[in-house]
Structure formats: C-alpha cells, structure tokens
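# Architecture at a glance
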Amino acid sequence: MKLSAQEEYGLRCVLHLARGGPGVSLTIPEISRAEGLSQPNVAKLMRHLRLGGLVQSARGQTGGYTLARPAESISLGAVLECLGGTLFGPRFCNRHAGKEETCTHAGDCSLRPLWSTMQLMLHGLLERTSLADLQGGEEEMRRRLEHWTVAVAAGPRRTQQA
C-alpha cells in the first residue's frame, strides 16, 4: 500500500494552513515555498481541497487560502478522501479484474474481507485524527497514537486449527 504523492503533498499543504492558525490566509507561493513544492502542483492540490470543501479561497491582494472549518473538525480521512479516495472501496474488485470483465474470484474471494477489514481500521484511525492533532511534533503524535496501536495489537489473534 502506498500513499500517492497527491495525497501526501495535499495533506502537507492543508496541515500547513492549519498550523497557521484560525483565519490565517496563505497564498500558493507561500505554501509552495514552505513545503518545497512547485506552484502549479500546489495550485492543483488546493483546487482539489477547495472543491472538497476543506479550504476556501479569496482573490485579491489580501487573498489566499484558509481552512473552511476549524482544524479540530477536519479529519485526515476527509482530506485523503478528497485527494485520492480509499484503499478499498466498492469498485475495487471491478478495477482489478485483470484481463477479464469481472474478477475470477468475484463469487468467493479470501482477500476481499482482509482488504475490507484493513479499510475499516484505517478509516477509523483517520476519522479520529484531525488536523489539530497533527499540529504538534513527531513525538507528540507518537504518544497520541500509542494507545490506539496497543489496542489493535491486542486484538484477536489468529488461532491454529487442528
């Protein structure tokens, strides 16, 4: 599994806006410089985020981009959904049918429940994590995630069948 460049860079851009504080407006060149991204790429990412309702734009000398809602109310799930979608969704099997019209395992697939469960777990974490949660440093985020990862690791174990 990989995050696309669009998802990573878009998340960095919106997080940069969040770190600016409520009501702070930043221009594409400012975001571009801060994140080390090209201006055309930032413009494309901000367009996706604006169309997704996560940022607002204003024109003019004092214009730029601001968060559409407080950072506490914007989940990482919403940002990543806006930028690229989900890991496993309803059309996943149709998009990975190989050279056939439908997947040869469409009727009985042992991978489908695995991907679906992974998507549910990932979605849960991303929906519980807001842009505000990411405004601290790396160590602070590690501490925030520690109890969640312990709970996942302590989950049901695979049992040996006799």
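### Details of the pairing of strand S1 (residues 55–58)
Along any regular strand, the residues point their side chains to alternate faces of the sheet. The sheet contact formed by S1 and strand S2 (residues 64–67) spans 4 bridges and is antiparallel. Each residue of the ladder has a partner; that of Val55, found in S2, is Leu67. Connecting S1 to the next strand, S2, in antiparallel fashion are 5 residues, including Gly60 with a positive phi near 105°.

### With respect to the packing of helix H3 (residues 39–51) against helix H4 (residues 76–83)
It is the contact of H3 with H4, at a shortest axis distance of 9 Å, that shows an interaxial angle of 115°. The two elements H3 and H4 cross, and the hand of that crossing is right-handed. On H4, the residues that touch Leu45, His48 and Leu49 of H3 are Val79, Cys82 and Leu83. Residues belonging to the contact of H3 with H4 are distributed by class as follows: 5 nonpolar, 1 polar and no charged.

### Digging into helix H6 (residues 111–128)
Given a rise of 1.5 Å per residue, 18 residues ought to cover 26 Å, and the 26 Å separating the end C-alpha atoms of H6 matches this to within 8%. Looking at H6, one finds that the buried residues are Gln119, Gly124, Leu125 and Leu126.

### Some thoughts on the pattern of salt bridges
Across all of its chains, the model carries 5 salt bridges by this definition. Between Glu35 and Arg12 there is a salt bridge, with its nearest N and O atoms 3.0 Å apart. Taken together, the residues span a long stretch of sequence, with Glu35 in helix H2 (residues 28–35) and Arg12 in helix H1 (residues 5–20) at a distance of 23 residues. Using a relative accessible area of 16% as the deciding quantity, one classes Glu35 as buried. For Arg12, a relative accessible area of 27% gives the class partly exposed. Salt-bridge contacts for Glu139 lead to Arg142; the nearest nitrogen and oxygen are separated by 3.3 Å. Taken together, the positions of Glu139 and Arg142, both in helix H7 (residues 138–153) and 3 residues apart, correspond to about one turn of that helix. Overlapping salt bridges bring together Asp133, Glu140 and Arg144 as one network.

### Some thoughts on the nonpolar core
Ranked by internal contacts, the top residues of the largest apolar core, which has 28 residues, are Met46, Leu67, Val79 and Leu131. The set of elements that each furnish at least two residues to this core consists of H1, H2, H3, S2 and H4. Apart from the residues within four sequence positions on either side, Leu131 is in contact with Leu11, Val14, Leu15, Ala18, Leu67, Ala71, Ile74, Leu76 and Val79.

### Brief notes about the environment of Arg50
In this structure, Arg50 sits in helix H3. Not counting the four nearest positions on each side in its chain, Arg50 is found in contact with Val55 and Ser57.

### Focus on the environment of Leu15
Inspection of the secondary structure puts Leu15 in helix H1. Counting along the chain gives 117 residues from Leu15 to Ala132, while the straight-line C-alpha distance between them is 8.4 Å. Apart from residues lying up to four places away in sequence, Leu15 is in contact with Leu131, Leu134 and Gln135.

### Quick notes on the side chain of Glu7
Within the element layout of this structure, Glu7 appears in helix H1. Residue class for Glu7 comes out buried when judged on its relative accessible area of 11%. Of the polar contacts made by the side chain of Glu7, one reaches the backbone nitrogen of Ser4; its length is 2.8 Å. Apart from residues no more than four positions distant in its own chain, Glu7 is found in contact with Lys2, Leu80, Leu83, Gly84 and Gly85.

Cut-offs applied
- Residues numbered from 1 in each chain as written.
- Predicted model: local features only at pLDDT ≥ 70, side-chain atom pairs only at ≥ 80, totals over all residues.
- Heavy atoms only, no water.
- Pairing = 2+ DSSP bridges.
- Helix = DSSP H or I, 4+ residues; strand = E, 2+ residues; numbered from the N terminus.
- Axes fitted to C-alpha atoms, helices over the stretch in contact; angles between N-to-C directions.
- Left-handed = near helix turned anticlockwise from the far one by under 90°.
- Contact = heavy atoms within 4.5 Å.
- Nonpolar A, V, L, I, M, F, W, Y, C, P; charged D, E, K, R; others polar.
- Expected span 1.5 Å × (residues − 1).
- Buried < 20%, exposed > 50% of the residue type's maximum accessible area, 1.4 Å probe, protein only.
- Salt bridge = Lys/Arg side-chain N within 4 Å of Asp/Glu carboxyl O.
- Core = buried A, V, L, I, M, F, W, Y, C linked by side-chain atoms within 4.5 Å.
- Polar contact = N/O pair within 3.5 Å; in protein donor to acceptor, adjacent residues only side chain to side chain.

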